[in-house]
Amino acid sequence: MLDLKFIRENTNLVKQAVQNKREKVDIDKLIALDSQRRELLQKVEKLKQERNTASQAIAKQKKEGKSADADIANMQQVSNEIKNLDNQVKEVESAAEEVQQWIPNMPHPSTPVGVGEQDNVEVKKWGRLPEMDFQPKPHWELAENLGIIDFARGAKVSGAFFVNYVGLGAKLERSLINFMLDLHVEKHGYTEVFPPFLVNRTTMFATGQLPKLEEDMYHTQVDDLFLIPTAEVPVTNLHRDENLEERDLPIKYTAYTPCFRREAGSYGKDTRGLVRIHQFDKVEMVKFVKPGTSYDELETLLAEAEDVLQLLELPYRVIELCTADLSFAAAKCYDIEVWAAGAQKWLEVSSCSTFETFQARRANIRYRNESTGKLEFVHTLNGSGLALPRTVIAILENYQTDEGTVMVPEVLRRYFGRDVIK
RNA sequence: GGAGAGGUGGCCGAGCGGCUGAAGGCACAGGUUUGCUAAACCUGCGUAGGGGCAACUCUACCGAGGGUUCGAAUCCCUCCCUCUCCGCCA
């Protein structure tokens, strides 16, 4: 959510940002509603002042044993007017909020302006692409041959794009989760949390999934709860409606959770294997930081996510998203794409973003600025570190041998207990 | 699911129609005293939204939303949450 005052004072900037993000919101309507609101407020507040004064006078009169009937009758009128105006204010306010909640965050000035994927900027490449003297297989073939992923039974149990990991496949998943969590806790200084996987509407709104992405989420109707599409949601909301202490910042959490996404409308794309599935595992990092530090924190966050791939010795590149590709709530975002040798493709395994105060304002997460004594919104950031399925793809495809077996990355062996999947 | 109790400022906690934005305490900040620390004393200390160049001023907020009333933290209704007990179940 953007600050209404900011929108009022920077209307053209906001309009430009909406356009750059390729969203559609009627900012002029919001401005009109806002000035209407203030007009009504002035009227009704004046009446309330009158009422307060009169009420005191009535109290005094009664105490002195005098009749206050005339004043009371008079105030009945005023009270009705107030009720009337209050209702109008409420209507105008909710109309304004309805518009406001559809306004995306402002992209950071450093974000390249663009109209689509093609305008994203590659900022870094790491590692050497594996060279193989045989035809590398796609991961689904490897996984099925090795008996570590059962696509058919996953589909039987739940439907297309649900998978069942078996034996060493299941263990690989667990090993990766443990490796990543340990790394972020021990080396990067994060606190591990294990949050709820079902969250309420308020929570979904606070991080910006609602209202825009309602169709993308699994929803339990009876209780009006949503399955989380990412740990970002419950973890960021841990501090919703809280005032944090400056000395406690930055607060850094890492969490493993499964993620549930309906992927509505994306069928026909990446239909094979693990590339796009409805339930996947992810280790996430979330930070609450002081406003001035958020862009440095973003760089650190990115480096910490990269660290996972470097330790796994998987080649990757870092992409800076252009305005058109930025998510609704993000101000700046880097994607990390890992190389998959079988598919000969770069696959997104991480997205590291700063939201500035956008989520904090929706979620009402503030901190006391010690030098000013004022409460200010924190900046929130999050990044995947990493999403598991595509990491698994990269491991299977990049570490495969001509015999169809898969070498286990060095760093994973103490978790996995063996050095080859065969 | 059933029965009770309760949700007040950063925290604890009083208030149960007007004198309460809210006693008192703790915490915090500034000051006085002090060899240092501590203690004691004094002062200050909520948030949001309007209006004003500003000093300042108005309005709202006691879990949320409605209602009664000239006036609601206080009375009524609905909902949410927490705790205790019972039942059921991992």
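The structure presented is a predicted model; accordingly, all values stated were derived computationally and were not measured. (Residues numbered from 1 in each chain as written. Chains lettered and ligands numbered in written order. Predicted model: local features only at pLDDT ≥ 70, side-chain atom pairs only at ≥ 80, totals over all residues. Heavy atoms only, no water.)

1. Looking at the sheet that holds strand β5 (residues 198-199)
Taken together, the three strands give an open sheet; going across it, the order is β5-β7-β6, and neighbouring strands pair in antiparallel fashion. Sheet topology places β5 and β6 (219-220) at the edges, where each strand pairs with a single neighbour. For β5 and strand β7 (residues 225-227), the ladder comprises two bridges, and the chain directions are antiparallel. Considered in β7, the bridge of Leu-198 is made with Leu-227. (Pairing = 2+ DSSP bridges. Helix = DSSP H or I, 4+ residues; strand = E, 2+ residues; numbered from the N terminus.)

2. Description of the pairing of strand β16 (residues 379-387)
With nine of its nine residues buried, β16 lies for the most part within the structure. Taken together, the seven bridges between strand β10 (residues 279-289) and β16 define a ladder with antiparallel strand orientation. Across the sheet, residue Val-286 finds its bridge partner in β16, namely Asn-382. Alignment of strand β13 (residues 345-354) against β16, held across three bridges, turns out to be antiparallel. Bridge assignment links Thr-354 to a residue of β16, and that residue is Leu-381. (Buried < 20%, exposed > 50% of the residue type's maximum accessible area, 1.4 Å probe, protein only.)

3. Remarks on the confidence of the model for chain A
Of all residues in chain A, 99% have pLDDT values of 70 or greater, and the mean over the chain is 92. Predicted complex, confidence summary: ipTM 0.85, pTM 0.92. (pLDDT = per-residue confidence, 0-100.)

4. A word on the protein's contact with RNA strand B
Near RNA strand B there are 24 residues, and of these Arg-8, Arg-37, Gln-76, Ser-79 and Lys-90 occur at the shortest range. By atom count, sugar and phosphate contribute 76% of the portion of RNA strand B lying within 4 Å of the protein. One of the side-chain nitrogen or oxygen atoms of Arg-8 is found 2.7 Å away from a phosphate oxygen of RNA strand B. Within the side chain of Arg-37, one N or O atom sits 3.0 Å away from a sugar or linking oxygen of RNA strand B. (Near = heavy atom within 4 Å. Polar contact = N/O pair within 3.5 Å; in protein donor to acceptor, adjacent residues only side chain to side chain.)

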